[in-house]
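# Descriptive analysis of the structure
One-letter residues, chain by chain:
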Amino acid sequence: MGTKSRNFFNKIKTSKNFYRFFILFFLLLIFILLIITSFNIYYNKYSFQNSMISFLEMNSKNIFSIDNIHIFSSATAQNTSTNSSWNLNIHQYSDIAIYINNHANDYFTPENTIKSLTINNIKFNHDVNGTPNIFYKDVYNFGKYVKDDNNIIYNDLEYSIIPATDTISYDKPQLYSTCSNPITLSYINSDIKQNYNILDNTISLDGSILKKCNIPLSAIENSISFTINLTNNLDKLFKANVYIDIPLSTATDSIYEGKIIQNNNRENLFKFYTFDT
């Protein structure tokens, strides 16, 4: 066999060896990737299971919950005319009182008393006629239309925590460490209609103004959501995600009649869950 023939066959043999090596390398690479993928799936599943077990163990005890939310809904208007001619800017408002149950039964410990509380992640969940905002509400003005732009909540609201033996100033966001006073907020939807002219001898500055000014409830239906974050005196962080429909009507009543009063009472209406800090 000539030299050229031998070189030709050597090249074929080398090509076959390279091809075999490449196939083996490719299969080995796939095998390694399968092992890594299987390990990651198992590890993530194991980590998730452990985190869920840890979360459930941390929250096996019901330390803080919201069992009662009281809401007063009505409306009002600002008048710029006199006598029987009215030029109105119309606002709807709902005052909200949120009661935190610390399940203390008058036996207060570092676990069921708090050292900080903030409200954040505030959202309005529907597009409505008007301009909705959330305000801090002085409990002594609960059920009255009071719009104080100094109390508007833009991003978050931080409460000052007051010892149970001290006195609270309700014109400021303050809360007893024992959670014995409610969180009070006011939802105000301003300027639903502006400069609305109406001829009438008498009007009532309450929810009936909405009907008199031809404002359908569907145009102002809204809900709000936010997160309440509290830290107890063991430095554990608790969070509750709260969702509230603004009450405008019930099966038997309507804000068109003047006002709506709603009491939401249920054990663990919203529960606080603790997280590692």
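This write-up is about the structure you can find in this document. (Residues numbered from 1 in each chain as written. Predicted model: local features only at pLDDT ≥ 70, side-chain atom pairs only at ≥ 80, totals over all residues. Heavy atoms only, no water.)

## Things to note about the overall build of the protein chain
Looking only at helices and strands, the protein chain features two helices and 11 strands. Ordered by position in the sequence, the α and β elements of the protein chain form the string α-β-β-β-β-β-β-β-α-β-β-β-β. Counting over 277 residues, the protein chain shows a buried share of 38%. Partitioning the intrachain contacts of the protein chain with sequence separation of at least 6 by distance along the chain shows that 74% fall at a separation of at least 24. Put simply, the protein chain shows about 16700 Å² of open surface, and 53% of that area lies on carbon and sulfur atoms. (Helix = DSSP H or I, 4+ residues; strand = E, 2+ residues; numbered from the N terminus. Buried < 20%, exposed > 50% of the residue type's maximum accessible area, 1.4 Å probe, protein only. Contact = heavy atoms within 4.5 Å. Areas by Shrake-Rupley, 256 points an atom, 1.4 Å probe, with all protein chains shown as cover.)

## Considerations on the sheet that holds strand β9 (residues 237-245)
Sheet architecture is open: six strands sit in the order β6-β5-β3-β8-β9-β11, paired in mixed fashion. The strands lining the two open edges of the sheet, one partner per strand, are β6 (174-176) and β11 (273-275). Direction aside, the axes of adjacent strands within the sheet are offset by 30° on average. (Pairing = 2+ DSSP bridges. Axes fitted to C-alpha atoms, helices over the stretch in contact; angles between N-to-C directions.)

## Some remarks on unusual backbone geometry
In the Ramachandran plot, Asn195 falls in the positive-phi region, its phi being about 55° despite a non-glycine side chain. Of note, Asn195 is situated in strand β7 (residues 183-199). With phi around 65°, Asp235 is a residue other than glycine that occupies positive phi space. For Asp235, a relative accessible area of 43% translates into the label partly exposed.

## Quick notes on the side chain of His91
Tracing the backbone shows His91 in strand β2 (residues 85-101). Within the local environment of His91, its side chain forms a polar contact with the backbone nitrogen of Asp191, the two atoms lying 2.9 Å apart. Beyond its immediate chain neighbours, meaning those up to four positions away, His91 contacts Ala75, Thr76, Gln78, Tyr145, Asn189, Ser190, Asp191 and Ile192. (Polar contact = N/O pair within 3.5 Å; in protein donor to acceptor, adjacent residues only side chain to side chain.)

## Let's talk about a nonpolar patch on the surface
A cluster of nonpolar side chains, namely Leu28, Leu29, Phe31, Ile32, Leu33, Ile35 and Ile36, defines an oily patch on the protein surface of about 630 Å² accessible area. Relative to the elements of secondary structure, Leu29 occurs in helix α1 (residues 3-58). Leu29 sits in the partly exposed class, given a relative accessible area of 38%. (Patch = residues over 30% accessible without salt bridge, like charges linked within 9 Å, V, L, I, M, F, W, Y side chains within 5 Å. Salt bridge = Lys/Arg side-chain N within 4 Å of Asp/Glu carboxyl O.)

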